[in-house]
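Analysis of the macromolecular model
So you can see what is in the structure, the chains are spelled out below.
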Number of protein chains: 2
Amino acid sequence: MSQGFAIVLSGPSGAGKSTLFHRLKEDFPQLLFSISCTTRPPRPGEKDGVDYHFYSQELFHHGIQRGDFLEYANVHGNFYGTPKAPLLNAIQKGRIMVLDIDVQGARQMRTLLPPDFLQDHMEFVFVAPPSLEILEERLRKRGTETPESLKRRLENARKELEAWPEYQYLVVNDQLDKAANELKAILLAATCKTQRRTWPTTP
Amino acid sequence: MSQGFAIVLSGPSGAGKSTLFHRLKEDFPQLLFSISCTTRPPRPGEKDGVDYHFYSQELFHHGIQRGDFLEYANVHGNFYGTPKAPLLNAIQKGRIMVLDIDVQGARQMRTLLPPDFLQDHMEFVFVAPPSLEILEERLRKRGTETPESLKRRLENARKELEAWPEYQYLVVNDQLDKAANELKAILLAATCKTQRRTWPTTP
């Protein structure tokens, strides 16, 4: 039994984060996934409380003022944020929560959260493709991108990738099995950190 | 490919460190094991350079003066020390070295090594039995201890065990498979730390 904590995963889209999330569940079925809040309207098929918590502008701004978000950003007029309460709740219950957060959001968290809280309850992992060239190749092969969207994606990826040294761990998604094993090991090792354990474990 | 580093394992005798060492080799066949230097005479069957590096008092003192040891101690008139050169050599070659060091030795290393070196190249893991009572039970069952040696061992174990919060990781050896998996995960996660990786990994 170990104290609860959260693992922040960042990395450019196309690095394979969502596939890795699913692989994590194999070894950690009790894993919780953070659900973001947003003011953008639901797309067809998206469910409130499953894909996102859909907030009105007013509710979101109220949340900002109350300090309800671990991090938030305004993207083209829509707000996106990570709610604090589910994380604190998970930690209190000794659970592990995974958060998919971009580089800017992770910076906000490292700046705003108290150092003790970061040390005790947070792990920061960057997931990267082997190189920008390989990411480009992967995105091209998908065939779902227009030349403009591909260009924008790669430009964003280039900027995000510069941030990898800010993280505690780097997982390079070259072979999926290898990357999944590394991520699983990072999670299991995180449960073994002394700040999350007690001894003796039996009376 | 990751930069080399060393993993220090401490814990009372009877916690199962040597069994865990062997289990580590299953996943990390390239693992190196540090061989200590000592001034005590070889016991029957012990080989120089395999079990220990057997040093004369003069050679050992010379080594102390030159700063050749990561840590050393005088135990009942015999000196024991961990040589620095093989560790630096292993790190330079990108290898992983395991060091079996007692609590006092680990304290010396944390005090004497530069903070950057500790951050970049060292991991400290404590291996503990679930409780002192269970350790006593295990040692009794072995049947190899006299009442006096059992008492001395348990007294030493009690003191060593107080040091577990000084370490980065705590592995409780309750079930061997579980403990071995945790130790393997700590090692694999250690290879994923950003200070030991570079990106991009391909040109």
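Above this note sits the structure.
A brief report on the enclosed structure follows. Computed from a predicted structure; not experimentally measured.

**Quick notes on the overall build of chain A**
In terms of helices and strands, chain A carries eight helices and nine strands. Across its three principal directions, the C-alpha atoms of chain A cover 65 × 45 × 30 Å. When each of the 203 residues of chain A is scored for burial, the buried share is 46%. Accessible surface for chain A amounts to roughly 10500 Å². Of this, 52% is attributable to carbon and sulfur atoms.

**What to know about the sheet that holds strand 8 (residues 122-128) of chain B**
By definition, the strands of a sheet pair up through backbone hydrogen bonds, in either a parallel or an antiparallel sense. All names here are of chain B. Pairing is parallel in the open sheet, where five strands are placed in the order 2-7-1-8-9. Of all the strands in the sheet, the pair left with one neighbour each is strand 2 (32-33) and strand 9 (169-172). Note: strand 2 against strand 7 (residues 96-100), two bridges, orientation parallel. Across the sheet, residue Phe-33 finds its bridge partner in strand 7, namely Val-98. Together, strand 1 (5-10) and strand 8 form the strand contacts of helix 4 (residues 103-112), whose direction differs from that of strand 8 by roughly 160°.

**A short note on the interface of chain B and chain A**
The partner chain A presents 33 residues to the 33 residues of chain B that form the contact. Summed over both sides, the interface of chain B with chain A buries roughly 2600 Å², with 64% coming from carbon and sulfur. On the chain B side of the contact with chain A, Trp-164, Thr-194 and Trp-199 of chain B bury the most area, a combined 28% of that side's loss. Run the count over chain B and chain A and you get two salt bridges. Between Glu-182 of chain B and Arg-197 of chain A there is a salt bridge, with the nearest N and O atoms lying 2.9 Å from each other.

**Regarding the relation of the copies chain B and chain A**
When chain B is fitted onto chain A, the two copies agree to an RMSD of 0.0 Å after a turn of 180° and an axial shift of 0.0 Å. The operation mapping one copy onto its partner corresponds to a two-fold rotation axis. Among all residues of chain B, the one whose C-alpha sits closest to the rotation axis is Ala-185 of chain B, at a distance of 2.2 Å. Here 100% of the contact residues of chain B are again contact residues in chain A; the copies associate through an equivalent surface.

**Thoughts on the pairing of strand 5 (residues 69-75) of chain B**
Residues and elements named next belong to chain B. Two strands pair when backbone bridges link them, and strand 5 and strand 6 (residues 78-83) are joined in this way by six bridges, in the antiparallel orientation. The partner of Ala-73 across the bridge, within strand 6, is Tyr-80. Linking two consecutive strands that pair antiparallel, namely strand 5 and strand 6, is a turn of two residues; a positive phi of about 50° is found at His-76 within it.

**Some remarks on the nonpolar core**
Within the largest apolar cluster, 46 residues are counted, with the highest numbers of intra-cluster contacts made by Leu-9, Val-125 and Ile-186 of chain A together with Leu-9, Val-125 and Ile-186 of chain B. Those residues in contact with Val-125 of chain A that sit more than four places away from it in its chain are Ile-7, Val-8, Leu-9, Ser-10, Tyr-167, Tyr-169, Val-171, Leu-183 and Ile-186 of chain A.

**Focus on the pairing of strand 7 of chain B**
Residue and element names in this part refer to chain B. The element strand 7 is extensively covered by neighbouring structure, given that four of its five residues are classed as buried. With five bridges connecting them, strand 1 and strand 7 associate as parallel partners. Within strand 7, the residue paired with Ala-6 across the bridge is Met-97.

**Some remarks on the pattern of salt bridges**
All names here are of chain A. All chains considered together, the criterion is met by 36 salt bridges over all chains. We note a salt bridge from Glu-155 to Arg-158, for which the minimum N-O separation is 2.7 Å. A residue pair is termed a helical-turn pair when its members lie 3 or 4 positions apart in one helix, as Glu-155 and Arg-158 do in helix 7 (residues 147-161) at three residues. In this structure Glu-155 comes out as partly exposed when scored by relative accessible area, which is 35%. A relative accessible area of 34% places Arg-158 in the partly exposed class. Because the salt bridges share partners, they merge into one network encompassing Arg-23, Glu-26, Asp-27, Asp-177 and Lys-184.

**Topic: the packing of aromatic side chains**
Think of a pair of aromatic rings as described by two things: how far the centres are apart, and how the planes are tilted against each other in angle. Within the structure shown, the criterion is met by 21 aromatic pairs over all chains. Ring centres of Phe-60 of chain B and Phe-69 of chain B lie 4.4 Å apart, and the angle between their planes is 20°; on these two criteria the pair is classed as stacked. Among the aromatic side chains, those forming a connected cluster through ring pairs are Tyr-55, Phe-60, Phe-69, Tyr-72 and Phe-79 of chain A.

**Quick word on unusual backbone geometry**
Residues and elements named next belong to chain A. Look at the link from Trp-199 to Pro-200: it is a cis peptide, with omega at 0°. With respect to the element layout, Pro-200 can be found in the segment after helix 8 (176-191). A positive phi angle is found at His-76, which is not glycine, with a value near 50°. Along the polypeptide, His-76 turns up in the loop between strand 5 (69-75) and strand 6 (78-83). According to the relative accessible area criterion, His-76 is exposed, its value standing at 80%.

**Concerning the packing of helix 8 of chain A against helix 8 (residues 176-191) of chain B**
Running from N to C, helix 8 of chain A and helix 8 of chain B point in directions that differ by 115°, and their axes come no closer than 8 Å. Relative to helix 8 of chain B, helix 8 of chain A is oriented roughly perpendicular. Between helix 8 of chain A and helix 8 of chain B the crossing geometry is left-handed. Counting all contacts with helix 8 of chain A, which are made through Asn-181, Glu-182, Ala-185, Ile-186, Leu-188 and Ala-189 of chain A, the residues of helix 8 of chain B involved are Asn-181, Glu-182, Ala-185, Ile-186, Leu-188 and Ala-189 of chain B. Class assignment of the residues belonging to the contact of helix 8 of chain A with helix 8 of chain B gives a composition of eight nonpolar, two polar and two charged.

Reading the values: the criteria
Residues numbered from 1 in each chain as written. Chains lettered and ligands numbered in written order. Predicted model: local features only at pLDDT ≥ 70, side-chain atom pairs only at ≥ 80, totals over all residues. Heavy atoms only, no water. Helix = DSSP H or I, 4+ residues; strand = E, 2+ residues; numbered from the N terminus. Buried < 20%, exposed > 50% of the residue type's maximum accessible area, 1.4 Å probe, protein only. Areas by Shrake-Rupley, 256 points an atom, 1.4 Å probe, with all protein chains shown as cover. Pairing = 2+ DSSP bridges. Contact = heavy atoms within 4.5 Å. Axes fitted to C-alpha atoms, helices over the stretch in contact; angles between N-to-C directions. Buried area = accessible area lost by both parts, 1.4 Å probe. Salt bridge = Lys/Arg side-chain N within 4 Å of Asp/Glu carboxyl O. Least-squares fit on C-alpha atoms with pLDDT ≥ 70 in both. Core = buried A, V, L, I, M, F, W, Y, C linked by side-chain atoms within 4.5 Å. Phe/Tyr/Trp six-rings, centres within 6.5 Å; stacked < 30°, edge-to-face > 60°. Parallel < 35°, antiparallel > 145°, perpendicular 65-115°, else oblique. Left-handed = near helix turned anticlockwise from the far one by under 90°. Nonpolar A, V, L, I, M, F, W, Y, C, P; charged D, E, K, R; others polar.

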